[in-house]
Amino acid sequence: FKWLGIFRSQAALIDSGGLEQTKIDAFIQGAKFPEVVENFTHSDLLKKIFREFGGTTLLVDVTASDQTQQYFELALEHGAGVVSANKIPFSSALTNFESMMDSNGYLYSPVRMEATVGAGLPILSSLAGLIETGDEVLEIQGCFSGTLGFLFSSLSASKSFSESLSQAQDGGMTEPDPREDLSGMDVARKVLILSRLLGWKGELEDVKVENLIPESYRKLSLDEFGARCGELNAHFEERVLKARSERKVLRYIGMVSAQGLRVEVREVSEDSVIGSLEGADNLCVIRTRRYSQPLIIRGPGAGPSVTAAGVFHDILELARILPRR
């Protein structure tokens, strides 16, 4: 493989002969070189690469931007492939999703997005394999947020909400504004992506989402929220104690079924598969016609190394497929 270019929002580094890893690392850290391009449009630079290398090129998106859909379309127009860890393009309008997917299914598409759900866990590829071999998926449920997994695991260990959230922030598990995680929309996007692989035609607004933060706290500044989030301790303690009285624990669960898509806090038995989940691990439980017992995929669902592994696996898969296309 050769890295032809690397892009930030305001700068790019391109070399058609291939970039050395040391230079890439320095660029990521903010170093400047004579060949660094500024005041550019991403489209123009990408067109230059695609025109020269065409179908042997992969565009890799590891941003959380809502602006990269247009570059995906540009790549596909030139016969290039797309690998993404960015959930936003695949949970935007259904027409965008359908335009990127091959009519023969995910495994034949020039687009790979394994790391959008479960980081490096083989969730999407396993689901696509079940579909391709004729199985019927009846239900998917699981815990798809390392941040919320850690939070509810900590609450089950009798720590307060504010303390648990602070630890998650200190551990780099949350977004800069943790209310983005607590809103449930990250999990909603992942659930929508899973459902779309099954052929579901809904949009993000059709997912029923339980926001963990009352409306009044969503309007506070970030500093104000940080100072006042301890006011929510009693609410979460009450929910934890109620569940514990019934030998249950709280888990934030995403669900895909014939009844629709839901993302919510549920009380589950403490000795169940989901109830036994601890820390930031993710869990996906897939129930199908073929499997008398559900297929369970479990493991680290967040972090740079496992996400990078998921992205690199997709790169290898497309490298095998694209030349034959």
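The rules behind each value
- Residues numbered from 1 in each chain as written.
- Predicted model: local features only at pLDDT ≥ 70, side-chain atom pairs only at ≥ 80, totals over all residues.
- Heavy atoms only, no water.
- Phe/Tyr/Trp six-rings, centres within 6.5 Å; stacked < 30°, edge-to-face > 60°.
- Helix = DSSP H or I, 4+ residues; strand = E, 2+ residues; numbered from the N terminus.
- Buried < 20%, exposed > 50% of the residue type's maximum accessible area, 1.4 Å probe, protein only.
- Lys NZ or Arg CZ within 6 Å of the ring centre and 35° of its normal.
- Salt bridge = Lys/Arg side-chain N within 4 Å of Asp/Glu carboxyl O.
- Axes fitted to C-alpha atoms, helices over the stretch in contact; angles between N-to-C directions.
- Parallel < 35°, antiparallel > 145°, perpendicular 65-115°, else oblique.
- Left-handed = near helix turned anticlockwise from the far one by under 90°.
- Contact = heavy atoms within 4.5 Å.
- Nonpolar A, V, L, I, M, F, W, Y, C, P; charged D, E, K, R; others polar.

Visitor: What is the right way to read the packing of aromatic side chains from this model?
Guide: Two numbers describe a pair of aromatic rings. These are the distance of the centres and the angle of the planes. Taken as a whole, this structure holds four aromatic pairs when the rule is applied. With 5.9 Å between their ring centres and 35° between their planes, Phe72 and Phe90 make a pair best called tilted. Here Phe72 is found in helix 3 (residues 69-77), whereas its partner Phe90 is found in the loop between strand 5 (81-84) and helix 4 (94-100), with 18 residues between them in sequence. The two residues Phe72 and Phe90 agree in class, both being buried. The ring of Phe33 has Lys23 sitting right over it, with the charged end atom 5.2 Å from the ring centre.

Visitor: Quick question: what am I supposed to make of the pattern of salt bridges here?
Guide: One side chain can pair with another of opposite charge once the charged atoms of both are near each other. On inspection of all chains with the given rule, the structure shows 18 salt bridges. Here Asp135 makes a salt bridge to Arg290, at a shortest N to O gap of 3.9 Å. Here Asp135, found in the loop between helix 5 (123-132) and strand 7 (137-143), pairs with Arg290, found in the loop between strand 11 (281-288) and strand 12 (295-300); they are 155 residues apart in sequence, far enough to count as distant. Note that Arg289 is salt-bridged to Glu136, the shortest N-O span being 2.9 Å. In this pair, Arg289 sits in the loop between strand 11 and strand 12 while Glu136 sits in the loop between helix 5 and strand 7, placing the two residues 153 residues apart along the sequence. For Glu136, a relative accessible area of 41% corresponds to the partly exposed category. Within this structure, Lys87, Asp186 and Lys190 form a network of salt bridges that share partners.

Visitor: Mind showing me how you'd approach the packing of helix 6 (residues 146-156) against helix 7 (residues 161-170) here?
Guide: Pairs of packed helices are described in terms of their axes, by the angle between the two and the distance that separates them. Put simply, helix 6 and helix 7 touch, their axes get as near as 9 Å, and they point 140° apart. Classified by the interaxial angle, the pair formed by helix 6 and helix 7 is oblique. Crossing of helix 6 against helix 7: the hand is right-handed. Along its contact with helix 6, which presents Phe150, Leu151, Ser154 and Leu155, the element helix 7 presents Phe161, Ser164, Leu165, Gln167 and Ala168. Tallied by class, the residues present in the contact of helix 6 with helix 7 amount to six nonpolar, three polar and no charged.

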